[in-house]
Structure formats: structure tokens, C-alpha cells
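# Working through the structure, step by step
Residues per chain, in single letters:
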Amino acid sequence: MNQADTLLVIPSYRDGKRLMEFLPPLCAALKANLGQVRIQVVVDGSPESEQRWLAAKIAELRGDYPSLQPMQSYPQNRGKGHAIRTGWATAPQAAWLAFVDADGATPAAEVAALIAQAQAAQQPAVFMGVRTAATNKSVTRFWHRRIGSRVFNRWVRLCLGLKFTDTQCGLKIIPRAFYASSVWREAGFAFDLELLLRARAAGLPVIARPISWCERPGSSLSPTAMLALFSAAYRLRTP
């Protein structure tokens, strides 16, 4: 699989400022280390004024980074999973499909490293970043989010039997053939869970790579969204 066969989608909802702090170093890291990895920003129903501002900023940045595609957007917020799938649909020929959160919590170097690992793989697999303090990687989280993550991880293990230390880190890469073989249903944050469950059902290996990660103010995972995620984990316990 050659280097140009990777599409990285960045779903964004009301996250323009953090995205534009993250996007230039990300584009530079991918250009320097991997060549032409296409990057597609999908704005998931942010206010019209933010959409116009982001579209102009991305168009300007494309002068230096042609692999950055014109921004996609739609008027109504549909959820993270819907935004990712919308972006992935723009490159049906890509061998690898990836996504990373827009907030910049995952450093650009970590994104580049995981994509390089996937591209060098000798067999199809799902590759994902995980946040864990058990390595020499630096992970910084707000205390309430750290507690919530631990509780949710135990809930996921109980409901779904997924033994990963971190199912929700916003950095994952999958083979296009695996994605094309299924009908995907989850439109929100539970898309990560659906992806891992489908990988298990398909017998596809999941490679978890510890990454450095630093939480940034302004998270879009509200208490309501967190409750919906717990509910989705319970609902997904059966096919």
C-alpha cells in the first residue's frame, strides 16, 4: 500500500479555533514524514460564521499543503461518526482510512507515527492510539474526565467484553476493505465502539499504540453526550 493511499478525516463541531492551531503542524508533520496523505476536514453543523471562517483558513493553508482537501460541511450537527463517514466517502480508492479529533489533544507527531505504522503493516489490522499512564508517554487529563473514562472503560468491558484500556481515543486507522464490508450505524461518539466490535466480529487484529496526549479546554463531550455513550455501550451488547 503506497503512501498516497491514506485519507485522514478530522471531524469538527464548534472547534474552529483549536482546529486551526492543530492543522498547520499536522499538515507539516504528514508532509515531512509520509508524503501525500490526504487530509479532509468535515465540519459537523457548526455555526455558519465559523464554517465560512474555517473554509477561508483551510483554503489559504492549502497553498502550502495541497494534500489538504477543501473543507466539507453541512448545516445540521449529525455526530462524530456521521462526520467521519462523510469524509471517508470522498476517497473510495484509499487503502487506509483514518480519523483524528480536531482539538489537537493528540500531537501531530503521534498521528504521523501511527499512520506510518499502519502503512508498513504486512497484514490488515485496525490501529488505534490509546492513552495510558503505564508507559513513558505523557498523558494529561482533567481529573473529572479521568474518573469518567475509568468508569466508562469498566462499563464497556462489562457490556461488550472489549478489553482495551481506552476505546475512545480519537485516533484510529482501518483498512478500506474492512470498512466497505459492513453497514455502519453509529453516528455519534459510539462510532469507536462499533468499529472495535466489528473488527472483533471480523477477526481483524487491533493494534493499540500508546500515545502522548494532552487534554485541552473546550471539550465537546458534554454530560448529556457521556450519558448517551454509556447508553450506546449497553445497547450494542447485542447485534
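Values in this document were obtained by computation on a predicted structure and should not be read as measured data.

This part covers the overall build of the chain. Secondary structure summary: the chain contains 8 helices and 9 strands in total. For 239 residues, the compact-globule formula gives about 18 Å, and the C-alpha radius of gyration of the chain, at 17 Å, lands near that figure. Taking the principal axes of its C-alpha atoms as reference, the chain extends roughly 50 × 40 × 40 Å. Taking all 239 residues of the chain together, 51% fall into the buried category. Of the contacts made within the chain by residues no fewer than 6 positions apart, 81% connect residues no fewer than 24 positions apart. When the accessible surface of the chain is split by element, carbon and sulfur atoms take 55% of a total near 11,200 Å². Side chains of the chain carry 29 positive and 16 negative charges; the gap between the two charge centres is 7 Å.

Turning our eyes to something else, we now look at the sheet that holds strand 2 (residues 38–44). Sheet architecture is open: 7 strands sit in the order 3-2-1-4-7-5-8, paired in mixed fashion. Both edges of this open sheet fall to strand 3 (72–74) and strand 8 (206–210), since each of them pairs with a single strand only. Ignoring strand direction, the axes of neighbouring strands in this sheet form an average angle of 20°. In this sheet, strand 3 lies alongside strand 2 in parallel orientation, the contact comprising 3 bridges. Looking at strand 3, one finds that Val43 is bridged to Ser73.

Its location among the elements puts Leu197 in helix 7 (residues 191–202). Look at Leu197 and you get buried, because its relative accessible area is 15%. Each C-alpha atom, one on Leu197 and one on Leu162, is 7.8 Å from the other, the two residues being 35 residues apart in sequence. In contact with Leu197, other than residues within four places in its own chain, are Leu160, Leu162 and Leu236.

This paragraph deals with the nonpolar core. Inside soluble globular proteins, nonpolar side chains tend to come together where they are buried. Counting 39 residues, the largest nonpolar core has Ile10, Leu23 and Leu26 as its most contacted members. Elements represented by at least two residues in this core include exactly strand 1 (6–12), helix 1 (16–34), strand 2, helix 2 (48–61), strand 4 (96–100), helix 4 (108–119) and strand 7 (171–175). In terms of residue count, the dominant contributor to this core is helix 1 (8 residues). Ignoring sequence-local partners within four residues, the contact set of Ile10 consists of Leu19, Leu23, Leu26, Ile39, Gln40, Val41, Val42, Val100, Asp101 and Ala102. Within the second largest apolar cluster, 36 residues are counted, among which are Ile84, Met128, Val156 and Ala199.

Attention now moves to the pattern of salt bridges. Tallied over the full model, the rule gives 11 salt bridges. Its salt-bridge partner being Glu21, residue Arg216 comes within 2.3 Å of it at the nearest N-O pair. Of the two residues, Arg216 is situated in the loop between strand 9 (213–214) and helix 8 (223–235) and Glu21 in helix 1; the sequence distance between them amounts to 195 residues. By relative accessible area, which is 23% here, Arg216 ends up partly exposed. Classification of Glu21 by relative accessible area gives partly exposed; the value is 38%. Residues Lys80 and Asp101 are paired through a salt bridge, measuring 3.7 Å at the closest nitrogen-oxygen approach. With a gap of 21 residues between them, Lys80 in helix 3 (residues 80–88) and Asp101 in the loop between strand 4 and helix 4 connect regions that are remote in the sequence. For Asp101, a relative accessible area of 24% gives the class partly exposed. Residues participating in the shared-partner salt-bridge network are Lys80, Asp101, Lys172 and Asp192.

Rules used in this analysis
- Residues numbered from 1 in each chain as written.
- Predicted model: local features only at pLDDT ≥ 70, side-chain atom pairs only at ≥ 80, totals over all residues.
- Heavy atoms only, no water.
- Helix = DSSP H or I, 4+ residues; strand = E, 2+ residues; numbered from the N terminus.
- Rg over C-alpha atoms; globule rule 2.2 N^0.38 Å.
- Buried < 20%, exposed > 50% of the residue type's maximum accessible area, 1.4 Å probe, protein only.
- Contact = heavy atoms within 4.5 Å.
- Areas by Shrake-Rupley, 256 points an atom, 1.4 Å probe, with all protein chains shown as cover.
- Lys, Arg positive; Asp, Glu negative; His and termini not counted.
- Charge placed at Lys NZ, Arg CZ, Asp CG, Glu CD.
- Pairing = 2+ DSSP bridges.
- Axes fitted to C-alpha atoms, helices over the stretch in contact; angles between N-to-C directions.
- Core = buried A, V, L, I, M, F, W, Y, C linked by side-chain atoms within 4.5 Å.
- Salt bridge = Lys/Arg side-chain N within 4 Å of Asp/Glu carboxyl O.

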